[in-house]
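Residue-level listing of the chains:
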Amino acid sequence: MTAFVVHGAGGIDEVSCVGETQILSVSGGSIRRFSVRPEDFGVVPCELRALRGGSPENNARICEAVLNGESGAYREATIVVAGAALVLAGQADSFSEAAALARQALDSGRACQVLKRFKETMYEITCKGLRHHTS
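A. Representation of the overall build of the protein chain within the structure. In terms of regular secondary structure, the protein chain is built from four helices and three strands. Taken from N to C terminus, the helices and strands of the protein chain fall in the order β-β-β-α-α-α-α. Taking all 135 residues of the protein chain together, the buried fraction comes to 28%. Across the protein chain, the fraction of contacts at a sequence separation of at least 24, relative to all contacts at a separation of at least 6, is 43%. By element, 56% of the accessible surface of the protein chain is carried by carbon and sulfur atoms, the whole surface being about 8700 Å². Positive and negative side-chain charges in the protein chain, numbering 14 and 15 respectively, have mean positions lying 5 Å apart.

Take a look at the structure:
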């Protein structure tokens, strides 16, 4: 099992599309230190202020917009974070390969379909749970 401990540019606690991210890769008792940049994922660095969120409702709209194909800083950040997760999960051998997989999931609509299935499942669980508790 491998874990990443990250410190992203802009002081964020995730892999950053703003600039360089320092990563400690911990695996089997060994630690390896390296860094990645947005360019390693094939994205153009953006300004930290372009990634500001807001209320939960606004953040949900941002997520849905990215999953529905909207371009911009939020999409780039999604590709970087998803790419890092794919490398960590062993689904890609490089950050550029992982970013290509993330782009493909977004562009094909597969990522949006996963969210749709998740929402449907949560709705079913919530409704069945409420019916179960009230009967």
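B. Representation of a nonpolar patch on the surface. Residues V5, L24, V26 and I31 make up a contiguous nonpolar surface patch of about 330 Å² in total accessible area. Here V5 lies in strand β1 (residues 2-8). On the accessibility criterion, V5 (48% relative accessible area) is partly exposed.

C. Spotlight on the pattern of salt bridges. Across all of its chains, the model carries three salt bridges by this definition. E39 is the partner of R37 in a salt bridge, and the nearest nitrogen-oxygen pair spans 3.7 Å.

D. Geometry of the environment of S27. The residue S27 is located in strand β2 (residues 21-27) in this model. The exposure class of S27 is partly exposed, given its relative accessible area of 28%. The sequence separation of S27 and M1 amounts to 26 residues, and the corresponding C-alpha distance is 6.0 Å. Each residue touching S27, except ones within four places of it in the same chain, is listed here: M1 and T2.

E. Geometry of the nonpolar core. If you look at the biggest cluster of nonpolar residues, it comprises 22 residues, and the most contacted ones within it are V15, V36, F41 and F95. Among the secondary structure elements, those contributing two or more residues to this core are β3 (30-36), α1 (56-67), α2 (73-88) and α3 (95-108). The greatest single-element share of this core, amounting to six residues, is contributed by α2. The contact partners of F41, leaving out residues within four places of it in the chain, are V15, V36, I79, V80, G83, A84, F95, A99 and R103.

F. Region of interest: the packing of aromatic side chains. Inspection of the entire model under this criterion finds three aromatic pairs. On the basis of an interplanar angle of 40° and a centroid distance of 6.2 Å, the ring pair of F34 and F95 is categorised as tilted. Taken together, the residues F34 in strand β3 and F95 in helix α3 connect sequence positions 61 residues apart. Classification of F95 by relative accessible area gives buried; the value is 14%.

Calculation criteria
- Residues numbered from 1 in each chain as written.
- Predicted model: local features only at pLDDT ≥ 70, side-chain atom pairs only at ≥ 80, totals over all residues.
- Heavy atoms only, no water.
- Helix = DSSP H or I, 4+ residues; strand = E, 2+ residues; numbered from the N terminus.
- Buried < 20%, exposed > 50% of the residue type's maximum accessible area, 1.4 Å probe, protein only.
- Contact = heavy atoms within 4.5 Å.
- Areas by Shrake-Rupley, 256 points an atom, 1.4 Å probe, with all protein chains shown as cover.
- Lys, Arg positive; Asp, Glu negative; His and termini not counted.
- Charge placed at Lys NZ, Arg CZ, Asp CG, Glu CD.
- Patch = residues over 30% accessible without salt bridge, like charges linked within 9 Å, V, L, I, M, F, W, Y side chains within 5 Å.
- Salt bridge = Lys/Arg side-chain N within 4 Å of Asp/Glu carboxyl O.
- Core = buried A, V, L, I, M, F, W, Y, C linked by side-chain atoms within 4.5 Å.
- Phe/Tyr/Trp six-rings, centres within 6.5 Å; stacked < 30°, edge-to-face > 60°.

Fair warning: the whole summary comes from geometry, so function is off the table for now.
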